[in-house]
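Spelled out from the first residue to the last, the chains are:
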Amino acid sequence: MAFYVTTPIYYVNAAPHLGHAYTALGADVLARHMRQRGEDVFFLTGTDEHGEPVALAAEREGITPQALVDRNAPRFQALMPRLNVSNDFFVRTSDPEHKRRVQEVLGRIRENGHVYKGKYEGWYCPRCADFKTDAEQGPDHTCPIHLIELIREEEENYFFALSAFQDDLERLYAERPDFVLPRHRFNEARAFIAGGLQDVSLSRANLTWGVTVPWDPAHVFYVWFDALLNYYTALGYAREGDDLTDRFWPATYHLIGKDILKFHTVFWPAMLMAAGLPLPKHVFVHGFLLMRDASGDEHKMSKSLGNVLDPFQVIDEFGTDALRYYCLREVSFGHDGAVSTAGFAARYEGELANELGNLITRTLAMVVRYRDGDVPAAQPDPVLAAELDPLAVEVARLLDGAELSAALDTAWLGVRRLNRYVEERAPWVLAKDAALSEELDVVLASLVEGLRVMSVLLHPWLPETSGRVLGALGAPELDLTGARLQAGRVAHVERLSPPFPKADAVPARR
Ligand code: MSP
């Protein structure tokens, strides 16, 4: 089955930070897991390059907007391999193919009678690139997200008749309780719609950096309409000579942060309806990674607030897997949560090094020590198998609902179970008594299989570690059907150096 997952496309006027990495990591976990299930996966991420903030930043630097985006987009592009993110394409909204398709789809929306010309007056945040209703403003016409003054804007432009989709959107939410996940975000979107929809500005007249409105070239499309369409346009040109639209549209999951809920859960389905296109199956809204400041208050991480944790630096010191694991384990996907260097140090040492790292190194070391690396041809312990085998089904069930943290917690139960098994069966005691040799065979074979199963299950979160362990076991297969204890899958193992060395470099220790 086709599985199409997307991240928001990132504004290029800021440097990539952990908040951006977070959505990309979430999408990568889903993409990798679905590939393990043999699904036909397409994973899209990219950059959002038009709009006023980019035009203004370029002006300040005295360069063209194109030069600015050509300089900044590669930073986001480079972030993906650094995070071990396996996106199938990287869309840039300045791609000519994207622009052409935006014009096509919005032209169709106009032909279908959903666009009219009118006068716009309202309060605008140039950083959000969004007009704020009274309810969305902070005190004295400020932006509650960026804490800056809003600008009073007035201009002639084209409108998208969003209000005409009031009933259709209400019906969508009545019929599809899983259109938006998790539930509290579904309720938020539905409440926004129930509050009554107003038509929205579709174009800007006093801006040139954007996709030209084909029926009135004095206008460019409002950046959000251009940006949202990336999910659809990219399929048309991601593979030269092969239009993937029919194969992958509609998207299975759009993953987004809670800050852009309105655009994805209200504007976007209405736009698709207006264009006569099928709607995505789910929009999953995750929370914010927050940073604690010196006074203990929690803030959204953002360049403009100056409290950014640099993902590149974390990766350099502790490796990609540690960052992936920490973000998705520490903060329950779908809720806000604080990240900190102390929290990172605790999970790195307590869980990655002491639990998983130890399990890996001691299992392999014991097989090498007691059996010269040859895995005994014994049936794995049925009691252990009965506990570990159901994990794959449970992980798959949770990931079907994009419950990334709950799925990781579930997989981790297996790591803990295996560590308890080592303590309960104490192979070092069995090894002292030749009469217990068969028992030791069963314990070692069970541990090796357990380790293999855990490496398959944990692959989406820890692809590098999983690959190293499966390499040491000579069993690289990742398919999820193999995630159950079997006899004879692994013949011989090699030792591994500790995958999560207890470096003195752990930040809290410095
Ligand atoms: N360009 C728009 C999205 C257009 S999608 C058609 C945009 N870009 S953004 O770069 O400002 O933010 C994109 C996404 O980054 C957010 O929705 C969210 O997914 C992620 N995050 C940015 N900061 C974040 C945190 N502090 N925490 C978690 N994720 C956040 O909005």
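For the structure itself, consult the block above.
(A) Inspection of the sheet that holds strand S5 (residues 130-132) at higher detail. Reading across the sheet, the 4 strands line up as S5-S4-S6-S8 and stay open at both edges, with antiparallel pairing between neighbours. Only two strands of the sheet have a single neighbouring strand rather than two, namely S5 and strand S8 (200-201). One ladder, built from 10 bridges, connects strand S4 (residues 115-125) with strand S6 (residues 151-160); its direction is antiparallel. By the bridge assignment for S6, Glu-121 is matched with Glu-154.

(B) Expanded view of helix H18 (residues 437-458). Helix length check: H18, at 22 residues, gives a terminal C-alpha distance of 31 Å against a target of 32 Å (1.5 Å per residue), a fit within 8%. Most of H18 sits inside the fold, with 18 of its 22 residues counted as buried.

(C) How the structure looks around the packing of helix H1 (residues 18-36) against helix H12 (residues 320-330). Running from amino to carboxyl end, H1 crosses H12 at an angle of 95 degrees, the nearest separation of the two axes being 10 Å. One way to sum up the angle between H1 and H12 is to call them roughly perpendicular. Of the residues in H12, those in contact with Leu-18, Tyr-22, Leu-25, Gly-26, Asp-28, Val-29 and Arg-32 of H1 are Leu-323, Arg-324, Cys-327 and Leu-328.

(D) Structural context of the site of the ligand. In the vicinity of the ligand, 26 residues are found, and the nearest of them are Ile-9, Thr-23, Asp-48, Asp-259 and Leu-289. Between an oxygen atom of the ligand and a side-chain N or O atom of His-286, the distance comes to 3.4 Å. If the ligand stood free it would expose 660 Å²; the protein chains cover 95% of that surface. Classifying every residue of the shell around the ligand gives 14 nonpolar, 9 polar and 3 charged.

(E) Expanded view of the packing of aromatic side chains. Under the criterion given, the structure shown has 33 aromatic pairs. Judged by centre distance (5.8 Å) and plane angle (25 degrees), the rings of Phe-160 and Phe-165 are stacked. Of the two residues, Phe-160 and Phe-165, neither departs from the other in class, the shared state being buried. Members of the aromatic cluster, joined through ring pairs, are Tyr-116, Tyr-120, Tyr-124, Phe-131, Phe-159, Phe-160, Phe-165, Tyr-222, Trp-224, Phe-225, Phe-263 and Phe-267. The positively charged end of Arg-204 is found above the aromatic ring belonging to Tyr-124, 4.8 Å away from the centroid. Taking the ring centre of Phe-263 as reference, the NZ or CZ of Lys-262 above it sits at 5.2 Å.

Quick notes on the rules
Residues numbered from 1 in each chain as written. Predicted model: local features only at pLDDT ≥ 70, side-chain atom pairs only at ≥ 80, totals over all residues. Heavy atoms only, no water. Pairing = 2+ DSSP bridges. Helix = DSSP H or I, 4+ residues; strand = E, 2+ residues; numbered from the N terminus. Expected span 1.5 Å × (residues − 1). Buried < 20%, exposed > 50% of the residue type's maximum accessible area, 1.4 Å probe, protein only. Axes fitted to C-alpha atoms, helices over the stretch in contact; angles between N-to-C directions. Parallel < 35°, antiparallel > 145°, perpendicular 65-115°, else oblique. Contact = heavy atoms within 4.5 Å. Near = heavy atom within 4 Å. Polar contact = N/O pair within 3.5 Å; in protein donor to acceptor, adjacent residues only side chain to side chain. Areas by Shrake-Rupley, 256 points an atom, 1.4 Å probe, with all protein chains shown as cover. Nonpolar A, V, L, I, M, F, W, Y, C, P; charged D, E, K, R; others polar. Phe/Tyr/Trp six-rings, centres within 6.5 Å; stacked < 30°, edge-to-face > 60°. Lys NZ or Arg CZ within 6 Å of the ring centre and 35° of its normal.

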